[in-house]
Amino acid sequence: MVLASALQWIIPIAGFAAVAFALYLARDVLSRDKGTQAMQDVADTIREGADAFIKRQYTTIGVLAVAGAVVIGLVIFFVETREVADVPGLAGAPIAIMTAVAFLVGAACSMASGIIGMYISVRSNVRTAAAARRSLVEAVQVAMRGGAVSGFLVVALSLLGVWGIFTAYDYFIGGVTVREAPFLIVGFGFGASFVALFAQLGGGIYTKAADVGSDLVGKVEAGIPEDDPRNAGVVADLVGDNVGDCAGRGADLFESTAAENIGAMILGVGAFLIAQAAGWANPEAWIFFPLVVRGFGLLATIVAMFFIRGREDENPMNILNRGYWVTTILSVVGLLITTNVMMDTGGAVSGLLNLPGWIYFFLAGLVGLATSVAFVYITQYYTAGTFRPVREIAEASRTGPATNIIAGTAVGFETTAVTAISIGVALFASHWLGQQAGLVNAAGHDVGGIFGTAVATMGMLMTTAYILAMDTFGPITDNAGGVAEFSRSEASAREITDRLDAVGNTTKALTKGYAIASASLAAFLLFSAYIDKVNLIIGNQIEAGRRTADDLLTAVNLADVSVFIAALMGAMLVYFFSSLAIRAVGKTAQSIIVEVRRQFREMPGIMDYSQRPDYARVVDITTRAALREMVLPGVVAVATPIAVGLLLGHEAVAGMLMVGTIAGVLLATVLNNGGGAWDNAKKYIESGNLKDADGNVIGKKSEAHAAAVVGDTVGDPFKDTAGPSLHVLVKLLATITLVLAPLFIR
């Protein structure tokens, strides 16, 4: 079908259009008023600290990535012989070089997405603070446009990177067909995951150590407000918002979209073979479908940016939700067009409803979009101050920090129920719908069910650019509040920035909920892609007469002792990795607390503004500690699945993937939502919403507020370090095993 081939051009068109639109938004934001000189001075200090950290962090990560590419290339060169290569004709040096190059390109794109997003973020904060002096709506627009630069560039670089390297290998490397190319670009996803893990760890350790250290000494001990310029740790805290929530989360969602695109393309190979055998038009459309859908999602988000407007007295969250709904509705239209044109089953009808196959896949995509919407509102329910969970924690703060922590822990555990049920329903529904399409391969195995889950994942990820824009909105508005407080702006401006900061806390929590939901759907997709790659290699060995059909991996036997041990190691890795990440925050925070206390003690003029704190020293302490502490958890995460695969074999690795994913998803849910609820319980009290029996406000400097600050401090490394890092870990397990599968096959 000519139209299906033409539709594939949406991929580069949407990718480059998104880059151009991001540049337009960046120019618009940078042309805005920068406020007073005092505001600019504060913003410059934050920018300098963030730039210094990113330069040092990405230099370290770049060295690790180059070393990783060399090691991967050498391992594949020596291990991936014709007997275990997924493309036997390229065994040895060709496939080793292609995988190493893909790894480096993925790593470079991931680093670029984080750096560029943070570059605009640290320049949007002062402009948002300046806009807040005039208008709430203008401040929302500036912050959201600044965040959208990151959103568009992350998704566009992911889309163009996967499409570009796929096209290069397909067209310019001899012996590579459209069927084989998806298996050769998995290194791109591994490179992206590798960088994202260290970026999220380093940024998360930095931001939460600075936050915990400055809050405990400033708010609890010295009794001064948040972001008060007398607190030597406050600049490090404001820098941390950018390096953790902008650069770290940008790299996180970049690797999500890249790995999931590649996994869906690998699953599309099964449908491609069926289409080719049946003589359906344009069979390669089944492989390109994930990228085309992502392109339509980008175009939908571009349109949605023009709907971010509202009234001055409106809840800022409603303004953001309006744009989200426009993105979702337009994504449905794009999904309808793509499935109708690209999923041609020769006009045949099938399934319980006796409908054309493309309709079932369209409905599976709707399941994914509905799951995205569900997680946005589930996360809002558990982390916004207008609902029961946050209020419950705030009420528990009346009786001290112990009851606050108990209540917050209970809320975190509670969130796993609705998370697991929602993901389970989405997987079941999309798999059932895919089965109805009647895609059965030559061996009689159903391919449509698993491809239905891939379509659902792609449907969910259509809104990624907008969700990431909402996420980056959070640190921009948080920084804007710090700039306003630091520069002693008008009370009206600080009131607006406080409102935006509260909304920003919720949008950051939404992104974590969205990221873990997408990780859950994608993990099943990537697990299936791993099975497909293993069976491709075993199939080649069957053709060569070295194995029989009984050796194909059709199921994973958890009763097998090796598989059970590997599954146990997968669950253990999730908890041990989280322990290392949380401990790293605690150790780094201790250094900051000691330093801030020293400055208060040795520089008494700080409290009456006659002496200026040494902000740079705290920034330097935090930077060095964060970079040092990120290495061990990162190495453990990379080394464990490789060791399990080498010792226990390819089926055991499948067991590790399954159980490690389940444990990771549930623990990340606890950490993300529990930490977010603790944070907003503190904000709930600070906003004057907690009252005593006589109706008097229990606000700042009360015992309940002090208890809430302790709870928030406990939740900080949960929601901004360990939780987000688990998103990356879950997908890193899948991409490592996809790349190194030949190493594990016995």
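Here the structure is a predicted model, which means the values were calculated and not measured.

So, how was this worked out
- Residues numbered from 1 in each chain as written.
- Predicted model: local features only at pLDDT ≥ 70, side-chain atom pairs only at ≥ 80, totals over all residues.
- Heavy atoms only, no water.
- Helix = DSSP H or I, 4+ residues; strand = E, 2+ residues; numbered from the N terminus.
- Buried < 20%, exposed > 50% of the residue type's maximum accessible area, 1.4 Å probe, protein only.
- Contact = heavy atoms within 4.5 Å.
- Areas by Shrake-Rupley, 256 points an atom, 1.4 Å probe, with all protein chains shown as cover.
- Lys, Arg positive; Asp, Glu negative; His and termini not counted.
- Charge placed at Lys NZ, Arg CZ, Asp CG, Glu CD.
- Axes fitted to C-alpha atoms, helices over the stretch in contact; angles between N-to-C directions.
- Left-handed = near helix turned anticlockwise from the far one by under 90°.
- Nonpolar A, V, L, I, M, F, W, Y, C, P; charged D, E, K, R; others polar.
- Salt bridge = Lys/Arg side-chain N within 4 Å of Asp/Glu carboxyl O.
- Core = buried A, V, L, I, M, F, W, Y, C linked by side-chain atoms within 4.5 Å.
- Expected span 1.5 Å × (residues − 1).
- Bend = angle between axes of the 7 residues up to and from the residue.
- Phe/Tyr/Trp six-rings, centres within 6.5 Å; stacked < 30°, edge-to-face > 60°.
- Patch = residues over 30% accessible without salt bridge, like charges linked within 9 Å, V, L, I, M, F, W, Y side chains within 5 Å.
- Parallel < 35°, antiparallel > 145°, perpendicular 65-115°, else oblique.

Caption draft 1: Up close: the overall build of the protein chain. Along its length, the protein chain carries 21 helices and two strands. With respect to the three principal axes, the spread of C-alpha positions in the protein chain is 80 × 50 × 45 Å. Among the 746 residues that make up the protein chain, the fraction classed as buried is 65%. Considering only contacts within the protein chain whose residues lie at least 6 apart along the sequence, 84% involve residues at least 24 apart. When the accessible surface of the protein chain is split by element, carbon and sulfur atoms take 64% of a total near 24200 Å². Across the protein chain, the mean location of the 49 positive side-chain charges is 5 Å away from that of the 60 negative side-chain charges.

Caption draft 2: Spatial organisation of the packing of helix H2 (residues 10-30) against helix H9 (residues 285-304). Two numbers describe how H2 lies on H9: the axes approach to 8 Å, and their chain directions differ by 35 degrees. With respect to the hand of their crossing, H2 and H9 are arranged in left-handed fashion. Of the residues in H9, those in contact with Ile10, Ile11, Ala14, Gly15, Ala17, Ala18 and Phe21 of H2 are Phe288, Leu291, Val292, Gly295, Phe296, Leu298, Leu299 and Ile302. Taken together, the residues of the contact of H2 with H9 break down into 13 nonpolar, two polar and no charged.

Caption draft 3: Seen up close, the pattern of salt bridges. Enumeration according to the criterion identifies 32 salt bridges in this entry. The closest approach of N and O atoms between Glu138 and Arg134, which form a salt bridge, is 2.9 Å. A network of salt bridges, in which partner residues are shared, links Lys208, Asp211, Asp679, Lys682, Lys683, Asp712, Asp716, Lys719 and Asp720.

Caption draft 4: Local environment of the nonpolar core. With 237 residues, the main nonpolar core has Met144, Phe152, Phe188, Trp286, Phe451, Tyr466 and Tyr530 as its most contacted residues. It is helix H8 (residues 234-278) that contributes the most residues to this core, 23 residues altogether. Apart from the residues lying within four places of it in its own chain, the contact partners of Phe152 are Ala18, Phe21, Ala22, Leu25, Leu298, Thr301, Ile302, Met305 and Ala465. Among the nonpolar cores identified, the runner-up in size contains 17 residues, and Val390, Ala394, Val411 and Ala704 belong to it.

Caption draft 5: Geometry of the environment of Val596. You can see Val596 is positioned in helix H17 (residues 561-602). As for Val596 and Asp28, which are separated by 568 residues in sequence, their C-alpha atoms are 38 Å apart. Dropping the residues within four chain positions of it, Val596 is found in contact with Val217, Asn231, Ala232, Gly233 and Val618.

Caption draft 6: Region of the structure containing the environment of Gly146. Residue position: Gly146 is located in helix H5 (residues 136-172). Taking relative accessible area as the criterion, Gly146 reaches 0% and is therefore assigned buried. Separated by 23 residues in the primary sequence, Gly146 and Arg123 have C-alpha atoms spaced 8.3 Å apart. Leaving out residues up to four positions away in the same chain, Gly146 has contacts with Val29, Ile120, Ser124 and Ile476.

Caption draft 7: View of the side chain of Glu629. As for its placement among the helices and strands, Glu629 is situated in helix H18 (residues 615-629). Ignoring anything within four residues of it in the chain, the contact list for Glu629 reads Ile205, Ala584, Lys587 and Thr588.

Caption draft 8: Highlighting the side chain of Asn673. Relative to the helices and strands, Asn673 is located in helix H20 (residues 650-686). Setting aside chain neighbours within four positions, we find Asn673 in contact with Thr379, Tyr382, Thr383 and Thr415.

Caption draft 9: Spotlight on helix H14 (residues 448-460). In this model, H14 (13 residues) spans 18 Å end to end at C-alpha, consistent with the 18 Å of a helix rising 1.5 Å per residue. Buried residues dominate H14, accounting for 13 of its 13 residues.

Caption draft 10: Expanded view of unusual backbone geometry. You will see that Tyr609, though not glycine, has its phi angle at about 70 degrees, which is positive. Relative to the elements of secondary structure, Tyr609 occurs in the loop between H17 and H18.

Caption draft 11: Seen up close, H9. Under the 1.5 Å per step criterion, the end-to-end length of H9 is 27 Å for 20 residues, consistent within 8% with the ideal 28 Å. Taking the largest bend as the criterion, H9 deviates by roughly 30 degrees, centred on Leu291. Taking burial as the measure, the 20 residues of H9 include 18 buried ones, the bulk of the element.

Caption draft 12: Summary view of the packing of aromatic side chains. Enumeration according to the criterion identifies 20 aromatic pairs in this entry. One aromatic cluster is present, formed by Trp280, Trp286, Phe289, Phe361 and Phe451 through successive ring pairs.

Caption draft 13: A nonpolar patch on the surface, seen in detail. Together, Val66, Val70, Leu74, Phe77, Phe78, Val79 and Leu104 give the surface a local cluster of nonpolar side chains, amounting to about 620 Å² of exposed area. For the nonpolar patch, the element with the highest residue contribution is helix H3 (residues 37-79), accounting for six residues.

Caption draft 14: Quick look at the environment of Ile593. Relative to the elements of secondary structure, Ile593 occurs in helix H17. As a C-alpha pair, Ile593 and Ala232 span 361 residues in sequence and 9.8 Å in three-dimensional space. In contact with Ile593, other than residues within four places in its own chain, are Gly213, Leu216 and Val217.

Caption draft 15: Just the packing of helix H4 (residues 93-132) against helix H7 (residues 186-221), in detail. In the contact formed by H4 and H7, the axes pass within 6 Å of each other and the chain directions differ by 40 degrees. The orientation of H4 relative to H7 falls into the category oblique. Crossing angle aside, the handedness with which H4 passes H7 is right-handed. Counted together, Thr99, Ala102, Phe103, Val105, Gly106, Ala107, Cys109, Ser110 and Met111 of H4 and Gly187, Phe188, Phe190, Gly191, Ala192, Phe194, Val195 and Ala196 of H7 form the full contact between these two elements. Taken together, the residues of the contact of H4 with H7 sort by class into twelve nonpolar, five polar and no charged.

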